[in-house]
Amino acid sequence: MNNGEPWWISLIKAGIIVNLVMLAFAYTTWLERKLLGRMQLRYGPNRAGPFGLLQPIADLIKLIRKESFFPVAARDSLYIAAPVIAMFTALAAFAVIPFGAGWQIWHYHVNGEIANVSIGLILLFALGSVGVYGAIIGGWASESKYSLLGSMRTCAQLVSYEVSLALSVLGVVLMGQSLNLVEIVNKQGATIWFFIPQLAGMLVFFFAVIAETSRPPFDLPEADTELVAGYHTEYGGMRWGLFQTAEYVNMITLSALAVTLFFAGWHGPWAPLGPLWFVLKVFILVSIFIWIRASVPRLRYDQLMRFGWKVLLPVATINAVITALLVVWVH
Amino acid sequence: MLVASAGNVVVWMVWIVAAFACLGSGVAVVSFSSPFYSALALIGNLGSLAVLYLLLNAEFVAAAQVLVYAGAVMVMFLFVIAYIGPRSESPWMGGPGWQAVGAVLAAGALLVEIVVVISLKASGQLAHSEHVDATFGTPAYIGRLFLTDHLLAFEITSIVLLVAAVGGVILGAHSRRSPEEVPSL
């Protein structure tokens, strides 16, 4: 499975990547608050450290030190497990994303991904579909009507947009002729970046990712004034923090997936910078997510559902069918 | 990765853990009093089955199992159970007599099967392992089988799913409108 790489290198790499993703998450929250501030003509966090750079650490300390309250009626084990499930699936999904071509370090070959799985794309979606349980179990175990209704809303949203998400990448799979993310990236390096022929697929993917990660304008769980938030209404402190972390890590992972599928991963238009290109592209995508948050108001729930089923799904289906016809015709 | 290629301790350990998780979660499904916990145990059951598939070189089937069954289908189960509310039922109320007879017969058949397999294995008749080439279990391999050897079953399944989808729409429309504007089924 991991061609020529000893198992302990994979383990070390996994440890490094998990920590890098967590660091990226921490500074995505900083970037988000800074960018939002600038777009709204204010400074954003600027008290903790230079340019507010210590703000994520201050937030972490605050969340951990908060009293971890518990609804009396909550089912303890499930209540505690729910954020853990959300967090685990979010972090595990990054394992199949390739970020470099692989290197020769000393006399070991190190692959540019943690696990080179032949069905990496399906594995990623499978982890995403398990991640939904974090929301549904959390909402149910809180034993509160608001949480339950919120988790129903979130689950319906996630399940609906998962369909469009999976269908939108079908065109890429057909063109790359593989479910292996490394092969898809290599194919793009050898031919053309897939966002050009798969523009419709990329747009559907992008909208579906916003909904999958509950980002504005699809952030119904955050609508605490009109919808009493959502599945995490009864969560506080670092438990709530884990849900929030999972959301951001999902955003980073799915941005990385978008880079892999549509923007040729670590390949750059010039200069072989490898992983730096990958990081730069992910950074640009994440910034676009933040930009959208600053620009678009939240959708109503029925608008959200209508958009998912009546706009994204048909476009994704037609795109997949046309791509299939073209691929058969070209061969 | 086949279990038959013995000596691989990790494979054996994973197999034992997955097999016991499979049995344990199966028993848990029928013995929890809360249907929500039963459904969670069923997810665990499907997940441990996926691990067993993985050990049999069927990576695609394992991932599809998690994606479709442990993911999408079971979310619907939990959805409905959470909506219906906290209604606990005792797991076993005592069914009709024929159920007990059927259960005993099924258990007996299973026991016979286990005894036969173990005796065959002991007498060395199961020693040869099937040759598995590199393409076995890949999406391309499974796709080719679907469109050649199993085309009829594949198409019939798609029709069954289509009928289920249309039926769901009709039932949904039926319950949403007032009785007089709905044509009788």
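The rules behind these values
Residues numbered from 1 in each chain as written. Chains lettered and ligands numbered in written order. Predicted model: local features only at pLDDT ≥ 70, side-chain atom pairs only at ≥ 80, totals over all residues. Heavy atoms only, no water. Helix = DSSP H or I, 4+ residues; strand = E, 2+ residues; numbered from the N terminus. Rg over C-alpha atoms; globule rule 2.2 N^0.38 Å. Buried < 20%, exposed > 50% of the residue type's maximum accessible area, 1.4 Å probe, protein only. Contact = heavy atoms within 4.5 Å. Areas by Shrake-Rupley, 256 points an atom, 1.4 Å probe, with all protein chains shown as cover. Buried area = accessible area lost by both parts, 1.4 Å probe. Salt bridge = Lys/Arg side-chain N within 4 Å of Asp/Glu carboxyl O. Polar contact = N/O pair within 3.5 Å; in protein donor to acceptor, adjacent residues only side chain to side chain. Nonpolar A, V, L, I, M, F, W, Y, C, P; charged D, E, K, R; others polar. Axes fitted to C-alpha atoms, helices over the stretch in contact; angles between N-to-C directions. Parallel < 35°, antiparallel > 145°, perpendicular 65-115°, else oblique. Left-handed = near helix turned anticlockwise from the far one by under 90°. Expected span 1.5 Å × (residues − 1). Phe/Tyr/Trp six-rings, centres within 6.5 Å; stacked < 30°, edge-to-face > 60°. Lys NZ or Arg CZ within 6 Å of the ring centre and 35° of its normal.

Caption draft 1: Just the overall build of chain A, in detail. Scanning chain A for helices and strands turns up twelve helices and two strands. Overall, chain A shows an N-to-C arrangement of helices and strands of α-α-α-β-β-α-α-α-α-α-α-α-α-α. Scaling as 2.2 N^0.38, a compact globule of 331 residues should have a C-alpha radius of gyration of about 20 Å, and chain A matches this with 20 Å. Along the three orthogonal principal directions, the C-alpha set of chain A runs to about 60 × 50 × 45 Å. By the burial criterion, 53% of the 331 residues in chain A qualify as buried. Considering only contacts within chain A whose residues lie at least 6 apart along the sequence, 76% involve residues at least 24 apart. Accessible surface for chain A amounts to roughly 15300 Å². Of this, 71% is attributable to carbon and sulfur atoms.

Caption draft 2: Region of interest: the interface of chain B and chain A. The interface of chain B with chain A comprises 21 residues on the first partner and 22 residues on the second. Approximately 1900 Å² of surface area, both sides summed, lies buried where chain B meets chain A, with 81% of it carried by carbon and sulfur atoms. Counting across the chain B and chain A interface gives zero salt bridges. For the pair chain B and chain A, the interface holds four residue pairs in polar contact (both at pLDDT 80 or more). The set of elements that each furnish at least two residues to the side of chain B that touches chain A consists of helix 2 (35-55) and helix 3 (59-84) of chain B. When residues of the side of chain B that touches chain A are assigned to their parent elements, the largest contribution, 14 residues, is made by helix 3 of chain B. The class makeup of the residues in the side of chain B that touches chain A is 18 nonpolar, two polar and one charged.

Caption draft 3: Inspection of the packing of helix 5 (residues 145-168) of chain A against helix 3 of chain B at higher detail. Look at helix 5 of chain A against helix 3 of chain B: their axes get within 11 Å of each other, and the N-to-C directions meet at 155°. Regarding the angle of helix 5 of chain A to helix 3 of chain B, the classification is roughly antiparallel. Between helix 5 of chain A and helix 3 of chain B the crossing geometry is left-handed. Across the interface between the two elements, Leu148, Leu149, Met152, Cys155, Ala156 and Val159 of chain A of helix 5 of chain A pack against Val75, Met76, Phe79, Ala82 and Tyr83 of chain B of helix 3 of chain B. Classifying every residue of the contact of helix 5 of chain A with helix 3 of chain B gives eleven nonpolar, no polar and no charged.

Caption draft 4: Here's a closer look at helix 10 (residues 237-262) of chain A. Residues and elements named next belong to chain A. Taking 1.5 Å of rise per residue, the 26 residues of helix 10 would be expected to cover 38 Å, and the 37 Å separating its terminal C-alpha atoms lies within 8% of that figure. Burial analysis of helix 10 places 21 of its 26 residues in the buried class, which makes it a mostly covered element. Where helix 10 terminates, the next one or two residues include Ala264, which has phi positive at roughly 60°.

Caption draft 5: Main features of the packing of aromatic side chains. For the structure on display, the rule yields 16 aromatic pairs over all chains. With 4.9 Å between their ring centres and 10° between their planes, Phe206 of chain A and Phe289 of chain A make a pair best called stacked. Of this pair, Phe206 of chain A sits in helix 8 (residues 199-212) while Phe289 of chain A sits in helix 11 (residues 275-295); the two residues are 83 residues apart in sequence, bridging distant segments of the chain. Ring geometry for Trp12 of chain B against Trp15 of chain B: centres 5.8 Å apart, planes inclined by 75°, an arrangement best described as edge-to-face. Here Trp15 of chain B and Trp12 of chain B lie together in helix 1 (residues 9-31), a separation of three residues that amounts to about one turn. Using a relative accessible area of 34% as the deciding quantity, one classes Trp15 of chain B as partly exposed. An aromatic cluster is present here, built from Trp140 of chain A together with Phe32, Phe36 and Tyr37 of chain B joined pairwise through their rings. Above the face of the Trp193 of chain A ring, Lys281 of chain A is positioned so that its terminal group lies 4.3 Å from the ring centre.

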